[in-house]
4 protein chains.
Amino acid sequence: MSTPNIHGIIGYTITPFSANGVDLEALGRSIDRLIDSGVHAIAPLGSTGEGAYLSDAEWDQVSEFSIQHVAKRVPTIVSVSDLTTAKAVRRARFSEAHGADVVMVLPASYWKLSEAEILAHYRAIGESIGVPIMLYNNPATSGTDMSVELILRIFNVVDNVTMVKESTGDIQRMHKLQLLGEGQVPFYNGCNPLALEAFAAGAKGWCTAAPNLIPQLNLDLYEAVLANDLGKARELFYRQLPLLDFILKGGLPATIKAGLRATGLEVGDPRLPVFPLSEAARSQLTALLEALR
Amino acid sequence: MSTPNIHGIIGYTITPFSANGVDLEALGRSIDRLIDSGVHAIAPLGSTGEGAYLSDAEWDQVSEFSIQHVAKRVPTIVSVSDLTTAKAVRRARFSEAHGADVVMVLPASYWKLSEAEILAHYRAIGESIGVPIMLYNNPATSGTDMSVELILRIFNVVDNVTMVKESTGDIQRMHKLQLLGEGQVPFYNGCNPLALEAFAAGAKGWCTAAPNLIPQLNLDLYEAVLANDLGKARELFYRQLPLLDFILKGGLPATIKAGLRATGLEVGDPRLPVFPLSEAARSQLTALLEALR
Amino acid sequence: MSTPNIHGIIGYTITPFSANGVDLEALGRSIDRLIDSGVHAIAPLGSTGEGAYLSDAEWDQVSEFSIQHVAKRVPTIVSVSDLTTAKAVRRARFSEAHGADVVMVLPASYWKLSEAEILAHYRAIGESIGVPIMLYNNPATSGTDMSVELILRIFNVVDNVTMVKESTGDIQRMHKLQLLGEGQVPFYNGCNPLALEAFAAGAKGWCTAAPNLIPQLNLDLYEAVLANDLGKARELFYRQLPLLDFILKGGLPATIKAGLRATGLEVGDPRLPVFPLSEAARSQLTALLEALR
Amino acid sequence: MSTPNIHGIIGYTITPFSANGVDLEALGRSIDRLIDSGVHAIAPLGSTGEGAYLSDAEWDQVSEFSIQHVAKRVPTIVSVSDLTTAKAVRRARFSEAHGADVVMVLPASYWKLSEAEILAHYRAIGESIGVPIMLYNNPATSGTDMSVELILRIFNVVDNVTMVKESTGDIQRMHKLQLLGEGQVPFYNGCNPLALEAFAAGAKGWCTAAPNLIPQLNLDLYEAVLANDLGKARELFYRQLPLLDFILKGGLPATIKAGLRATGLEVGDPRLPVFPLSEAARSQLTALLEALR
């Protein structure tokens, strides 16, 4: 198995809705925007993509379309998480069959899972596909917090788990991944307000919805880190931090969809019970975006 | 809207699986067992029923079959929770159409919901049906913790929210429901190891999977409380507590399914990634059950 | 060592301050009030007694005076906790020498203590005195949370640790003490809003500052439990709960001192940085007390 | 009031004990070692200095001696925290009178303090002295967590609160101090394993006990940050991180005292109930130190 070199700014796509369901035309345009802006990879159907809120048919439709529309311009990383192992396996296979370069797996759970159950879940998915898996830890949305020790065990035991995305926001997890993994475990940051420090700690990439709105600032931060220029990275980070904080607090689908609409790309509202951004919040977002121009 | 008098021991059903999917014959037998043992109501498709792990078609099948099999011998309370409001509404309507007496709603979420979003979710469901709603708070599985103040707001604003099930395990929530609700909000306990104290604090019922295994002890505890006999209630509670603790720690579907199998009712295993009980745990369960005979 | 039969309502004393330091005359009157009202034991120098805010000389003065003023009318339980083992030992010996029936020990800490360190702390105190120790768990003030397993280990290993006071407010700790301790570990409740449920779960006593203000209601609740009358206990509990909640939220020394002043016993203010009750809170307290007359 | 330029590596001193109490001779030697190694400031009587475990007389002795022994070679920052405002004021005045350049204040508490109480505490201390105050937030040892908003309010209201030391280990607090404080609030890091990221985020200094053992690595990290060399800073940080983690886990006084002893400076053991390092831990420490030579 050849692992594509996943690094840098990994942009999440939203899932646009129209009255008739998923709006593929708008999805295509949002993907093009991201790629044209320079992101290093595209990640459909994650949290931002409201993957958990789609019907099975919609999920398949978005997965297939996204992969084909990216068309290998950059690598595609499809989130295939599901509550049951059987369905996660099906989604992983489906995505691989349609050309995904990597699949991302969060151990979503209703019942608290034991470490053995989590490991078996990853092993079952790993054995079903030939592409690499980015293991994803995000207890805030999955309800399951994987310790660094467990993550490393899965990394060592399941061949195609070759990358780790950490979204707890706790920088000590990255330190531990680096020390216990002896520098051999590529890790990625999924917590926007930790972007600067995750790069300082050695993260290989930043998975984020922000490039839908401020791609250049995201890319510049990464470039400053590559250039070993801490002062510039710090300055760029603090400049974009108010927007990153706003996105997090407002909810990713609601804020990103409002932001895209503000720039002329109509992508509909999030699915209920999630509300679209209030008018007051939309004004705030506009002000934040204007301050960054 | 007439609210059925929901009280006492409310028994959760498991969802039996065979090689071909849901095993309706076994489901019917497990329901009969519960009713014959004397439970005061039946609650299908809750956590114990692995509702979150079923396909839409399976969910409909289990809902319809359970309601019809109970056949009004006792009230049926169907859990209709779903991530999207649209799907929760559909399930609530479906259950009402097939004869459910009450629907139970947990504000399941992927994204953290605001209070306004939660209220709108309950309102949308409430306006779609004519039967009462049991509002259900269980942050451990839903990811959303509703404050007592929010619960009371929903109770006051949405007409058919007429009962509250509290599963945080924090007895102070029940005190607050009682004080702020001025004794007018019927509350139910969903945390097994809190059974004694919830009744002491005035809970009207206990929603539990335990009657699948030890119905008489559950019913006796309730009777002792009704008889105002604290000493007897305490003695009965401590007697069943080791089993209640075991069920909670082992996971409800895994332990209840293992327990039913041990008593001759084959209901299959939980769906992966949830493991069936290990052999060691099964021996422990057998020992616990025998000690209670 | 003969253990006095500690049970029922165990009343905390405040430490009155005048311009010249501790006001022993007022302290004596507050002790007399408690004993005359019928409490079953007196506990000086606890949290309510601002023990942590006294100089060493003041501490000795209050300990000696309180014990002598109680004069064996009821048992005296002196809190001798201190950050260093040496000083806690000195206080325990001092209190025993002056006639304390029991000493109470919270493992106060600045640094997080290991289980071995906590055990050695209790052992050192235990070996220095001949009176029983009430082990006290209250992570909110001590910073150290002792697991039930550790508590039982200390109980089994240190001869004169013969009672356990649990103030986490988590009723499951009491269940575990009862089950793992096989009913042989007398436990006491130190969390006011848990009074009803702790008694339901089998607590032998309730350590509380409330009898300074509403002794009869506290005693009646205990009597209802002894009389096995759950309904009456529940009714009495909910009646006093708003005041118990108020005391907890307002801070024990501030609210109890304000309450005593309102009933004609001037005991000064708490030591800074703790504020006396605001005027608004004092009105609220007066209203709550009047509603209970 | 002129604020000394506090920056860089701020070294905590331990408090050496001999059979007769504080060992001033050893204290002097440990201070000389720190200054000779190049630290930018000395901080006596903090957590590492077991300030909370000293008698009042010992505290005065250590404060006076430390300040006089440092003798303005670098600034001295004395921790004057105490449970009561009166005693904290006394200590602040005492330290100023003996030549302290800065005092550090943690709002130590037994009872949970309100924001108004915390503010009044800082104001009372501030009004009593003429030297600057470093406000110190460390809920793990103080029991009080000050929000960034409260910290900024105190910073703005109390004139001589001119520096903030943050030890929650949550990097987002520093971001917020930077953004809400508009870059005008000098902040210092007190969490060893956050050293790299705190500097990345703009911390002006690092308060740490580590220079007692590995001063050069601490200083080199700071120099790399000043030189804007992120790669080198990262490499230096990961090199010293295992030792920093060890110190934190083992407890600062125990590990630092064991480390000093290993290098020929006998400073006694921590005060009970805190244990000295076990033999196994001492071997581990020796191995860690040797790996860094």
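Residues numbered from 1 in each chain as written. Chains lettered and ligands numbered in written order. Predicted model: local features only at pLDDT ≥ 70, side-chain atom pairs only at ≥ 80, totals over all residues. Heavy atoms only, no water.

As annotated in an unreviewed UniProt entry, chain A is Dihydrodipicolinate synthase family protein from Pseudomonas frederiksbergensis. If you open the UniProt record of chain A and go to Sequence similarities (unreviewed entry), you find "Belongs to the DapA family." (UniProt positions renumbered as here; feature names shortened; annotations may be inferred.)

Residue and element names in this part refer to chain D. For strand 1 (residues 8-12), the tally of buried residues reaches five of five residues, placing the bulk of the element in the interior. Across four bridges, strand 1 lies against strand 10 (residues 205-208) in parallel orientation. Residue pairing for strand 10: Gly8 is matched across the bridge by Gly205. Note: strand 1 against strand 4 (residues 41-43), three bridges, orientation parallel. In the strand pairing of strand 4, Ile10 is matched with Ala41. (Buried < 20%, exposed > 50% of the residue type's maximum accessible area, 1.4 Å probe, protein only. Helix = DSSP H or I, 4+ residues; strand = E, 2+ residues; numbered from the N terminus. Pairing = 2+ DSSP bridges.)

Residues and elements named next belong to chain A. As for its position among the elements, Ala26 is in helix 1 (residues 24-37). Put simply, Ala26 and Ile14 are 12 residues apart on the chain and 9.8 Å apart in space, counted from C-alpha to C-alpha. Here Ala26 is in contact with Pro16, Leu265, Glu266 and Val267, once residues within four sequence places are set aside. (Contact = heavy atoms within 4.5 Å.)

Put simply, the two copies of the chain differ by a rotation about an axis and a shift along that axis. The transformation that overlays chain D on chain A combines an axial shift of 0.0 Å with a rotation of 180°, and the residual RMSD is 0.0 Å. Such a combination of turn and shift is consistent with a two-fold rotation axis. Here 100% of the contact residues of chain D are again contact residues in chain A; the copies associate through an equivalent surface. (Least-squares fit on C-alpha atoms with pLDDT ≥ 70 in both.)

So, on to the side chain of Asn137 of chain C. Considering the arrangement of structural elements, one finds Asn137 of chain C in strand 7 (residues 133-137). Polar side-chain contacts of Asn137 of chain C include one of 3.1 Å to the side chain of Asp145 of chain C. (Polar contact = N/O pair within 3.5 Å; in protein donor to acceptor, adjacent residues only side chain to side chain.)

Okay, the UniProt feature "binding site: pyruvate" (unreviewed entry) in chain A next. UniProt's feature table lists "binding site: pyruvate" (unreviewed entry) at Thr48 of chain A, given in the numbering used throughout. Inspection of the secondary structure assignment puts Thr48 of chain A in the loop between strand 4 (41-43) and helix 2 (56-70). Other than its neighbours up to four places away in sequence, Thr48 of chain A contacts Tyr12, Thr13, Ile14, Thr15, Ala209, Leu252, Pro253 and Ile256 of chain A together with Trp111 of chain B.

Time to look at the interface of chain B and chain C. The interface is formed by 26 residues belonging to chain B together with 26 residues belonging to chain C. A combined buried area of about 2,000 Å² lies between chain B and chain C, and 60% of that area is made up of carbon and sulfur atoms. It is Asn228, Leu230 and Tyr238 of chain B that lose the most area in chain B upon contact with chain C, and together they represent 29% of the buried surface on that side. Our count for the chain B to chain C interface comes out at zero salt bridges. If you look at where chain B meets chain C, you find 18 residue pairs in polar contact (both at pLDDT 80 or more). Elements with a minimum of two residues in the side of chain B that touches chain C: helix 7 (171-180), helix 8 (195-200) and helix 10 (230-250) of chain B. Here the element with the most residues in the side of chain B that touches chain C is helix 10 of chain B; it accounts for eight residues. Along the lines of polarity and charge, the residues of the side of chain B that touches chain C split into 16 nonpolar, six polar and four charged. (Buried area = accessible area lost by both parts, 1.4 Å probe. Salt bridge = Lys/Arg side-chain N within 4 Å of Asp/Glu carboxyl O. Nonpolar A, V, L, I, M, F, W, Y, C, P; charged D, E, K, R; others polar.)

Turning our eyes to something else, we now look at the packing of helix 10 of chain B against helix 12 (residues 279-291) of chain B. Residues and elements named next belong to chain B. Direction vectors running N to C along helix 10 and helix 12 enclose 155°, while the axes themselves pass 10 Å from each other. Between helix 10 and helix 12, the angle falls in the class roughly antiparallel. Here helix 10 runs over helix 12; the crossing is left-handed. In this structure, helix 10 uses Pro242, Leu243 and Phe246 to contact helix 12, whose residues at the interface are Ala281, Gln284, Leu285, Leu288 and Leu289. Tallied by class, residues from the contact of helix 10 with helix 12 come to seven nonpolar, one polar and no charged. (Axes fitted to C-alpha atoms, helices over the stretch in contact; angles between N-to-C directions. Parallel < 35°, antiparallel > 145°, perpendicular 65-115°, else oblique. Left-handed = near helix turned anticlockwise from the far one by under 90°.)

Two aromatic rings, taken as a pair, are described by how far apart their centres are and by the angle between their planes. Under the criterion given, the structure shown has 16 aromatic pairs over all chains. Taking the centre distance of 5.5 Å and the plane angle of 40° together, the rings of Phe199 of chain B and Tyr222 of chain B count as tilted. Taken together, the residues span a long stretch of sequence, with Phe199 of chain B in helix 8 and Tyr222 of chain B in helix 9 (residues 215-226) at a distance of 23 residues. The exposure classification of Phe199 of chain B matches that of Tyr222 of chain B, with both residues buried. Between Phe237 of chain C and Tyr238 of chain C, the aromatic rings sit 5.6 Å apart at their centres with planes inclined by 55°, giving tilted as the arrangement. For the residue pair Phe237 of chain C and Tyr238 of chain C, the accessibility class agrees, reading buried in each case. For Arg271 of chain A, the ring lying beneath its charged end belongs to Phe17 of chain A, and the centroid distance is 4.1 Å. (Phe/Tyr/Trp six-rings, centres within 6.5 Å; stacked < 30°, edge-to-face > 60°. Lys NZ or Arg CZ within 6 Å of the ring centre and 35° of its normal.)

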